[in-house]
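Each chain, letter by letter, is given below.
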Amino acid sequence: MIRIVSFKICPFVQRVTALLEAKQVPYEIEYIPLSDKPEWFLDLSPTAQVPLLVTENGTALFESDAIVEYIDEITPPLRATTPEDRAIDRAWSYQASKHYLVQCSAMQSADRETLEMRREKLIKSFARAEAQLGDGPFFHGQELGNVDIAWLPLLHRAGLVERHSGYDFFAAFPKVKAWQQALAATGLGEKSVSGDFEEKFSDFYLAERTFLGRGANFDEAPARKLVASGGGCCG
């Protein structure tokens, strides 16, 4: 069986596990602390980063883009595509994954000014998606595909932020908002993370040290220094 090595709140890992869930591929998952990475993991991973996929043959694969391509090569596609379609899907998927750390940084902002400044890069990406989206519910209409899976970590986390703080990253983008809701309805967001993901996510990104954690629309006050447990976004 495929084995995934993960950190609980890493969006790159969620992209991999969401694809496995969508394709109904059995897998085992092991969570490690990024602040104290075990030696066996360091021996397997050339970059010392998650995600790491260990194949049934015992080969360790790293880098989420490479892992996603491997999964696609050993399983049927989510939807029928041509080579041109697949190239376009990879490009749109990259538009999501290159913003994972941007979102992580924005969510950790200590004040409104910093949040809005960091959010600008996300807004440009969401605006491109808004212009590309059709009638939905998914990126390519009725069929769930790899682009949806790549954007799922961004959309899933934004949903948690809105529910806990009231701050809506997608307020200006009704098509992206509908896309977010359609993906939420699939249940893949919850299926692709640990049972205590929301707690771990909130402890790190929605703690009192962050503007979002203080409610996003509260009167600003100096944030108490708080060191969240479990390390950062990924790495």
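Note: the structure precedes this text.
Notes on the structure in this doc start here. Quick caveat: nothing in here was measured; it's all calculated off a predicted structure.

About the cut-offs
Residues numbered from 1 in each chain as written. Predicted model: local features only at pLDDT ≥ 70, side-chain atom pairs only at ≥ 80, totals over all residues. Heavy atoms only, no water. Phe/Tyr/Trp six-rings, centres within 6.5 Å; stacked < 30°, edge-to-face > 60°. Helix = DSSP H or I, 4+ residues; strand = E, 2+ residues; numbered from the N terminus. Buried < 20%, exposed > 50% of the residue type's maximum accessible area, 1.4 Å probe, protein only. Lys NZ or Arg CZ within 6 Å of the ring centre and 35° of its normal. Axes fitted to C-alpha atoms, helices over the stretch in contact; angles between N-to-C directions. Parallel < 35°, antiparallel > 145°, perpendicular 65-115°, else oblique. Contact = heavy atoms within 4.5 Å. Salt bridge = Lys/Arg side-chain N within 4 Å of Asp/Glu carboxyl O.

1. Let's talk about the packing of aromatic side chains
Line of reasoning, step 1. Within this structure, the stated rule accounts for 12 aromatic pairs.
Line of reasoning, step 2. Here phenylalanine 126 and phenylalanine 170 contribute two aromatic rings whose centre-to-centre distance is 4.6 Å and whose plane-to-plane angle is 80°, an arrangement assigned as edge-to-face. Note that phenylalanine 126 is positioned in helix H6 (residues 112-132) and phenylalanine 170 in the loop between helix H7 (146-165) and helix H8 (174-186), a separation of 44 residues in sequence. Assigned by exposure class, phenylalanine 126 and phenylalanine 170 land together as buried.
Line of reasoning, step 3. The interplanar angle of 85° and the centroid separation of 4.9 Å between the aromatic rings of phenylalanine 204 and tyrosine 205 together place this pair among those described as edge-to-face.
Line of reasoning, step 4. Judged by relative accessible area, tyrosine 205 falls into the buried class, the value being 1%.
Line of reasoning, step 5. Of the aromatic side chains, those joined through ring pairs into one cluster are Trp92, Phe126, Phe139, Trp151, Phe170, Phe173 and Trp179.
Line of reasoning, step 6. Lysine 8 extends its terminal NZ or CZ atom over the ring of tyrosine 31, reaching a point 5.3 Å from the ring centre.
Line of reasoning, step 7. Over the aromatic face of phenylalanine 204 sits the side chain of arginine 209, whose NZ or CZ is 4.5 Å from the ring centroid.

2. With respect to the packing of helix H4 (residues 83-97) against H7
Describing two packed helices takes the angle between their axes plus the distance from one axis to the other.
Line of reasoning, step 1. It is the contact of H4 with H7, at a shortest axis distance of 8 Å, that shows an interaxial angle of 0°. Taken as axis vectors, H4 and H7 run roughly parallel relative to one another. Between H4, through Asp89, Trp92, Ser93, Gln95 and Ala96, and H7, the contact on the second element is made entirely by Asn146, Val147, Ala150, Trp151 and Leu154.

3. Some words on the pattern of salt bridges
Line of reasoning, step 1. Within the structure shown, the criterion is met by 9 salt bridges.
Line of reasoning, step 2. Across the pair arginine 3 and glutamate 30 runs a salt bridge whose closest N-O atoms are separated by 2.9 Å. One end of the pair, arginine 3, is in strand E1 (residues 2-6); the other, glutamate 30, is in strand E2 (residues 27-31), and 27 residues separate them in sequence.
Line of reasoning, step 3. Judged by its relative accessible area of 24%, arginine 3 is partly exposed.
Line of reasoning, step 4. The shortest N-O distance in the salt bridge between glutamate 162 and lysine 177 comes to 2.4 Å. Taken together, the residues span a long stretch of sequence, with glutamate 162 in helix H7 and lysine 177 in helix H8 at a distance of 15 residues.
Line of reasoning, step 5. Since its relative accessible area comes to 27%, glutamate 162 is described here as partly exposed.
Line of reasoning, step 6. A network of salt bridges, in which partner residues are shared, links Glu162, Asp168 and Lys177.

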